Amino acid sequence: MIEYIIIIFAALIIGVVCGYIFRKMIAEAKISSAETAAKKIIEEANQDAHAIKREKQLEAKEEAHRLRSELEKESRERRSELQRLERRLVQKEESLDRKINVIEKKEEEIRCKEEENKLFRDKLDKLHHQQLAELERVSGMSSEEAKEILLQRVRDEIEHEMVTMVKEIENQAKADGDKKAREIVTLAIQRCAADHVTESTVSVVSLPNDEMKGRIIGREGRNIRALETLTGIDLIIDDTPEAVIISGFDPIRREVARLALEKLVSDGRIHPARIEEIVEKTRKEVETQIKEEGERAAFESRVHGLHPELIILLGKLRFRTSYGQNVLQHSIEVAHLAGIMAAELGLDVNFAKRAGLLHDIGKAIDHETEGSHVQIGGEIAKKYKESPEIINAISAHHGDIDFNTLEAVLIQSADAISAVRPGARRETLEAYIKRLENLENIADSFEGVEKAYAIHAGREIRIMVKPERIDDYASIQIARDIVKKIEGELEYPGQIKVTVIRETRAVDYAK
């Protein structure tokens, strides 16, 4: 058994040795082959390297030649530029040398002239002293005394000129102030264009037929007596066809009677009990309307926080007229005008509007209370806790007392503007129309004027001239002449624009 193991072991050793020898022989053969291949590759690489080296050497020589050529070209250009700069420098140096020579000559001439001037000044000073001495001898006074007299004369002349200048400045400031005031007033008028309804102390109720008059009178006049007793107005039933006239001083009672009569006529049932019912119902409706009108006026004027009783009094002004001008609309207009002017002058706009709206509040009850509407208005404002400034503006808007604020002055101005606005009151309408006629007559009085038209409520007049008699230059002259005549003969608010139109037309017809 051991022998077999030894044989196997010996066989293994022999196999390993043989394998090692065999592998070594194979490896040596591969190594030899690899060395041969490596030598061949090295030889080929050396050949490629020599070829690349020769190629790169040629490229490097060509690049060096190209760079050398560019460098030589750039050097030649720089050399040329340097030569050109050198020539310019030489020319500038020559020019500077010439200028220096000229300056040196001028400096020499200036030195000579300065010396001559010095001599001349010395001579002048000597002559001046001689003349002063001679003047002092002839005048009998010293130079200081003469200077004092001369200065006094100059001082007097300057003071006179200063007084004249101050006077001119004052006149100019006054003219500018008047102009600015007119501009503000005119702007306020133009920006506030309220419509007014002319009313009177009578109202007319239309009837469907004349038979209705008998029903209104009633048996033995009981219906008409009941209506007059309940409303406090007079009914005038005359020969006027299909109409009844309601007459009464109190506009609110007249309005109640008018509305009640219209309802009775529309309903057809006319008897004392029905009249009493309708009158009471209508009176409540008018009271509601009065409150709504007061609230509307406050809202339109942007005035807030008024006492409820003041609102009602404002609403009553809706039914009150003054010279045909509705007092509530007049109050709203005064509020707007005062607010606009206050804004232009930098004053309290809200205060101006409030005082403007309330300035005629006394007219709501002046037929019920003793005293003028100004006094009554002040007492009403005081009663309902308005500020002292508002009370003063109301009480002073007709000049009865002194103004405490600038806004109070604006209330008076706005009240006057609203009252005299063309068409606002009946008594000024004729004067307004007369002024427009006078304006047109002045323009028509000039030779060459074909037609004149006063427009924009008399703030502008447009004049058509005859083109065959008036040329362009004459148009300018005639405009100036008309302006001078208007300024000399008419009284008017603001300013009037005069426009002269000269037009030539050629008309023909194709047939």
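Keep in mind it's a predicted model, so treat the numbers as computed, not measured.

Calculation rules
Within each chain, residues carry numbers counting from 1 in the order of the written sequence. Only residues with pLDDT of at least 70 are given local features in this predicted model, and only at 80 or more are side-chain atom pairs given and counted; all residues enter the totals for whole chains, interfaces and linings. Only hydrogens and water are removed before side-chain values are computed, so all heavy atoms of the structure are retained for them. Two strands qualify as a pair provided DSSP detects at least 2 bridges between them. The helix count covers DSSP runs of H or I at least four residues long, the strand count covers runs of E at least two residues long, and both are numbered beginning at the N terminus. As a rule, the C-alpha atoms of each element are fitted with a line to give its axis, helices using only the stretch in contact, and angles between N-to-C directions run from 0 to 180 degrees. Here, residues are in contact when the closest pair of their heavy atoms is within 4.5 Å. Salt bridge, as used here: a side-chain nitrogen of Lys or Arg that lies within 4 Å of a carboxyl oxygen of Asp or Glu. Note on exposure labels: buried denotes an accessible area under 20% of the residue type's maximum, exposed denotes more than 50%, and partly exposed covers the range between, all computed with a 1.4 Å probe on protein chains only. Residue-level confidence of the predictor is summarised by pLDDT, bounded by 0 at the bottom and 100 at the top. Residues enter a patch when their relative accessible area is above 30% and they make no salt bridge; the linking distance is 9 Å between like charges and 5 Å between nonpolar side chains (Val, Leu, Ile, Met, Phe, Trp, Tyr). Accessible areas in this description were obtained via Shrake-Rupley with a 1.4 Å probe; residue shielding takes into account the shown protein chains only. Here the word oblique covers every angle except those under 35 degrees (roughly parallel), over 145 (roughly antiparallel) and from 65 to 115 (roughly perpendicular). Here a crossing is taken to be left-handed if its near helix is turned anticlockwise relative to the far helix by less than a right angle, and right-handed if that turn runs clockwise. Classification convention: Asp, Glu, Lys, Arg as charged; Ala, Val, Leu, Ile, Met, Phe, Trp, Tyr, Cys, Pro as nonpolar; all other residues, Gly among them, as polar. Among buried residues, those of type Ala, Val, Leu, Ile, Met, Phe, Trp, Tyr and Cys that are joined through side-chain atoms within 4.5 Å constitute a nonpolar core.

Caption draft 1: How the structure looks around the sheet that holds strand S7 (residues 460-465). Overall, mixed pairing links the three strands, which are arranged S6-S7-S8 in an open sheet. Since the sheet does not close on itself, it has two edges, and those belong to strand S6 (449-455) and strand S8 (497-502), each with one partner. The mean angle between the axes of side-by-side strands here comes to 20°, regardless of whether they run parallel or antiparallel. Pairing of S6 with S7 involves six bridges; the strand directions are antiparallel. Paired with Ala454 across the two strands is Ile461, which belongs to S7. Along the sheet, helix H14 (residues 472-489) contacts S6, S7 and S8; its crossing angle with S8, the most-contacted strand, is approximately 155°.

Caption draft 2: Geometry of the pattern of salt bridges. For the structure on display, the rule yields 18 salt bridges. The salt bridge involving Lys56 is made with Glu59; its shortest N-O contact spans 3.7 Å. Of this pair, Lys56 and Glu59 are both found in helix H1 (residues 2-139), three residues apart, which corresponds to roughly one turn of the helix. Judged by relative accessible area, which is 48%, Lys56 ranks as partly exposed. Relative accessible area serves as the criterion here: at 38%, Glu59 is assigned to the partly exposed category. Linking Asp472 and Arg502 is a salt bridge whose minimum nitrogen-to-oxygen distance equals 3.2 Å. Taken as a pair, Asp472 in helix H14 and Arg502 in strand S8 lie far apart in primary sequence, 30 residues in all. On the basis of relative accessibility, which here comes to 51%, the residue Asp472 falls in the exposed class.

Caption draft 3: Up close: the confidence of the model for the protein chain. When pLDDT is averaged along the protein chain, the result is 79; 86% of the residues meet or exceed 70. Every residue in residues 193-200 scores below 50 in pLDDT, and together they form 20 contacts with partners more than four places removed in sequence or on other chains.

Caption draft 4: Representation of a nonpolar patch on the surface in the model. A surface patch of nonpolar side chains, about 630 Å² in accessible area, is lined by Phe9, Ile13, Val17, Tyr20, Ile21 and Met25. A relative accessible area of 41% places Val17 in the partly exposed class.

Caption draft 5: Molecular detail of the side chain of Glu255. Note on placement: Glu255 falls in helix H5 (residues 251-267). Once residues within four sequence positions are removed from consideration, Glu255 is found in contact with Val286 and Phe319.

Caption draft 6: Just the packing of helix H9 (residues 349-358) against helix H11 (residues 388-395), in detail. Contact pair H9 / H11: the axes reach a minimum separation of 9 Å and the direction vectors enclose 45°. In terms of orientation, H9 lies oblique with respect to H11. For H9 against H11, the interelement crossing comes out right-handed. Seen from H9, the contacting residues are Phe351, Arg354, Ala355 and Leu358; seen from H11, they are Glu389, Ile390, Ala393 and Ile394. Its residues assigned to classes, the contact of H9 with H11 comprises six nonpolar, no polar and two charged.

Caption draft 7: Representation of the nonpolar core in the model. One finds Leu306, Leu313, Leu314, Leu357, Ile361 and Ile380 to be the most contacted residues of the largest nonpolar core, which totals 39 residues. Taken together, the elements giving at least two residues each to this core come down to helix H6 (272-301), helix H7 (308-316), helix H8 (327-345), H9, helix H10 (373-383), H11 and helix H12 (406-420). Counting residues per element, this core draws most heavily on H8, which supplies nine residues. Membership of the second largest hydrophobic core comes to 26 residues, among which are Val256, Leu261, Leu264 and Ile270.

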